[in-house]
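Structure assessment
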Amino acid sequence: MKDATIALHHGFKSDPTTKAVAVPIYQNVAFEFDNAQHGADLFNLDVPGNIYTRIMNPTNDVLEQRIAALEGGIAGLAVAAGSAAIHYAIQTLTQAGDNIVSTPQLYGGTYTLFAHLLPSFGVDVRFARDDSPEAIAELIDDKTKLVYCESIGNPAGNIVDIEGLAEVAHARHVPLMVDNTVATPILCKPIQFGADIVVHSVTKYVGGHGNSLGGVIVDSGNFPWAEHPQKFASLNTPEPAYHGVVYTEKFGPAAFIARARTVPLRNTGAALAPMNAFLLLQGLETLALRMERHTDNAIQVAQFLKAHPLVAWVSYAGLADHPHHELARKYMGGKPSAILSFGLKGGYAAGVRFYDALQIFKRLVNIGDAKSLACHPASTTHRQMNEEEQAKAGVKPEMIRLSVGIEAIEDLLQDLDQALRQA
Ligand SMILES: *Cc1c(COP(=O)(O)O)cnc(C)c1O
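The residue numbering used here restarts from 1 in each chain and proceeds along that chain's sequence as written. Where local features are concerned, this predicted model is filtered to residues with pLDDT of at least 70; where side-chain atom pairs are given and counted, the filter is 80 or more; whole-chain, interface and lining totals use all residues. To obtain the side-chain values, all non-hydrogen atoms of the structure were included, while hydrogens and water were left out.

Quick look at the domain arrangement of the chain
Our working definition: All the domain ranges listed were derived from an automatic or database domain assignment. Throughout, a contact is declared for two residues whenever any of their heavy atoms are within 4.5 Å. Note on terms: buried area is the combined drop in 1.4 Å-probe accessible area of two parts once they are placed together, counting the loss on both. Here, a salt bridge means any side-chain nitrogen of Lys or Arg that lies within 4 Å of a carboxyl oxygen of Asp or Glu. As used in this structure description, the phrase polar contact means that two N or O atoms lie within 3.5 Å; if the pair is within protein, one of them must be able to donate a hydrogen and the other to accept it, and residues adjacent in sequence are counted only when both atoms belong to side chains. Helix numbers and strand numbers start at the N terminus; a helix is a DSSP run of H or I with at least 4 residues, a strand a run of E with at least 2. Each residue is assigned to one class: nonpolar for Ala, Val, Leu, Ile, Met, Phe, Trp, Tyr, Cys and Pro, charged for Asp, Glu, Lys and Arg, and polar for all the others, Gly among them.
Here the domain parsing of the chain yields domain 1 (3–282) and domain 2 (288–422). Computed over C-alpha atoms only, the centres of domain 1 and domain 2 are separated by 29 Å. Between domain 1 and domain 2, the residue contacts involve 39 residues of the former and 38 residues of the latter. Here domain 1 packs against domain 2, burying approximately 2,900 Å² in sum over the two surfaces, 63% of which is carbon and sulfur. Summed over the shared surface of domain 1 and domain 2, the result is one salt bridge. A salt bridge links K330 to E163; its shortest N-O distance comes to 2.5 Å. The interface formed by domain 1 and domain 2 contains 13 residue pairs in polar contact (both at pLDDT 80 or more). Of all the secondary-structure elements, those providing two or more residues to the side of domain 1 that touches domain 2 are α5 (108–120), α7 (162–171) and α8 (184–187). Partitioned by chemical class, the residues of the side of domain 1 that touches domain 2 number 21 nonpolar, 13 polar and five charged.

Take a look at the structure:
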């Protein structure tokens, strides 16, 4: 099936007892065992089935299967937020003394996790000087457990050379983990280019309506964990946190996602609420349609701003003169989502006047809503960083980030024009 069809049908036919066609909300904590043996088999992971919603839930399962299918992976794990997905995916592979290597252009919350929280638990994060494969390769050593990047950096808008990063990671027997939130699997499928693990904040475009947090981890099933038993000891030696299971023996290619579910999620509990899984599935049904409109509107907004006499610069890889335009063509068919940034002549002060004059664009810190949104990263999402760190992350003091929605383009351009004139 093609993406638009998968998004509507994959992983659910109709409810076997009621014949309901919409995915039912299993607002339910625990599931009954047939008998003691059935309970034991479920706990041993010998038979598939449901135990407790902190670890699995039938509504969440449909979301997991659909996102995994769209990404071309073998399995998914849904959790309460994109941030939890990122943390759990990293926790599945690392312990104190290990390191990970990351591109510098990151979502603000991910930067804070990497720069402060992970190191406080003994996991060192090495930020490369830029997002090139060479810069990443230099930092990989024997303790490196993964390479991390965002397919489209939020808010920097850089397009990462996924194939190049996968090559340098794999040369050192390290997996590549890609945050594909901004691109969505409709525009880019990192696994096709060598990514081993994909993480998502489905809070954004997938849900699409700004009403539910959620995160998903997708396992490609491609990384040969068992060939490196010492490096990936957590997947190749008996797991004390789950009665001695050896994940690569029990789950083969799905070892990674099985451990993500049964160790970080089971033990720390950022489970996705089934109601949110339902709302996210509702959004997912129209994702392919919405991304078409989002990207059509974004290129028109970018061209409008670029031609405007009050605008100093526009950064959107969909524009032919953007340094990453070729990468955007290779990885996203020339449609690098609908987040763009720009700066006004008159710097920060003019930027504030512009920001305050917006009428349709909402002033808030979110992206990927059907509605158009605007944000000033330096004072909000990236304010924990000093100016040097901000510059490295692709954030300038006067920068305004737009998440272009699916409204009528005429209304969006008019709103931008009146706000520019007031600035
Ligand atoms: C929003 C976002 C996250 C965090 O997701 P939450 O669902 O808000 O926890 C991670 N990565 C990117 C690229 C994001 O835009």
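From this point on, the discussion continues.
Some words on the site of the ligand
Note the threshold: Each residue is tested against the molecule or strand, and it is near if at least one of its non-hydrogen atoms lies within 4 Å. For every accessible area listed, the method is Shrake-Rupley and the probe measures 1.4 Å; residues are considered covered only by the protein chains on display.
Surveying the vicinity of the ligand reveals 14 residues, the closest of which are G82, S83, D179, T203 and K204. A distance of 3.0 Å is found between an oxygen atom of the ligand and a side-chain nitrogen or oxygen belonging to N154. With respect to the ligand, the side chain of T203 contributes an N or O atom lying 2.6 Å from an oxygen atom. Alone, the ligand offers 390 Å² of accessible surface; in the complex the protein occludes 94% of this. When residues of the shell around the ligand are assigned to their parent elements, the largest contribution, three residues, is made by helix α4 (residues 82–91).

As for the environment of S102
One can find S102 in strand β2 (residues 99–102). It is 27 Å that separates the C-alpha atoms of S102 and T295, two residues lying 193 residues apart in sequence. Excluding residues within four positions of it along the chain, S102 makes contact with F114, V125, R126, F127, A128, I136 and Y148.

Notes on the pattern of salt bridges
Evaluation of the coordinates by the stated rule reveals 13 salt bridges. Beyond isolated ion pairs, a larger network of salt bridges with shared partners links D124, R126 and D141.

Looking at the sheet that holds strand β4 (residues 144–150)
For the record, the criterion: Should DSSP find at least two bridges between two strands, the strands are regarded as paired. To get an axis, fit a line to the C-alpha atoms, keeping to the stretch in contact for a helix; angles then go from 0 to 180 degrees between the N-to-C directions.
Reading across from one edge, β1-β7-β6-β5-β4-β2-β3 is the order of the seven strands in this open sheet, with mixed pairing throughout. Here the strands that pair on one side only, and so sit at the sheet edges, are β1 (75–79) and β3 (124–127). Pairwise comparison of adjacent strand axes, ignoring direction, gives a mean angle of 20° for this sheet. Packing against the sheet, helix α11 (residues 255–268) makes contact with β1, β6 (197–201) and β7 (215–219), and its axis sits at approximately 20° to β1.

Here we look at the sheet that holds strand β12 (residues 400–403)
Sheets are built from strands paired through backbone hydrogen bonds, the pairs being either parallel or antiparallel. Across the sheet, which stays open at both edges, the five strands sit in the order β8-β9-β12-β11-β10 with mixed pairing between neighbours. The open sheet terminates on both sides in strands that have one partner only, identified here as β8 (311–315) and β10 (362–363). The sheet contact formed by β10 and strand β11 (residues 373–375) spans two bridges and is parallel. For R363, the partnering residue across the bridge sits in β11 and is A374. Helix-sheet contacts for helix α13 (residues 287–307) involve β8, β9 (339–344) and β12, and the interaxial angle to β9 is about 10°. This element, helix α15 (residues 347–357), spans β9, β10, β11 and β12 of the sheet and lies at about 125° to β9.

Thoughts on the pairing of strand β5 (residues 176–179)
As a reminder of what qualifies: Partly exposed describes any residue whose relative accessible area lies between the buried limit of under 20% and the exposed limit of over 50%, with all areas from a 1.4 Å probe on protein chains only and scaled to the type maximum.
Neither face of β5 is exposed, since L176 and V178 on one face and M177 and D179 on the opposite face are all buried. In terms of strand pairing, β4 meets β5 through four bridges, oriented parallel. Paired with E150 across the two strands is D179, which belongs to β5. Pairing between β5 and β6: three bridges, direction parallel. Each residue of the ladder has a partner; that of D179, found in β6, is V199.

Concerning the packing of α4 against α11
Condition: Oblique is the label for every angle not falling under 35 degrees (roughly parallel), over 145 degrees (roughly antiparallel), or within 65 to 115 degrees (roughly perpendicular). What makes a crossing left-handed is the near helix being turned counterclockwise from the far one by less than a right angle; a clockwise turn instead makes it right-handed.
Packing of α4 against α11 leaves a shortest axis separation of 9 Å and a crossing angle of 115°. In terms of their interaxial angle, α4 and α11 are classed as roughly perpendicular. The crossing of α4 and α11 is right-handed. Side by side, α4 and α11 meet where Y88, A89 and Q91 of the first sit next to F256, R259, P264, L265 and T268 of the second. Split into classes, the residues belonging to the contact of α4 with α11 amount to five nonpolar, two polar and one charged.

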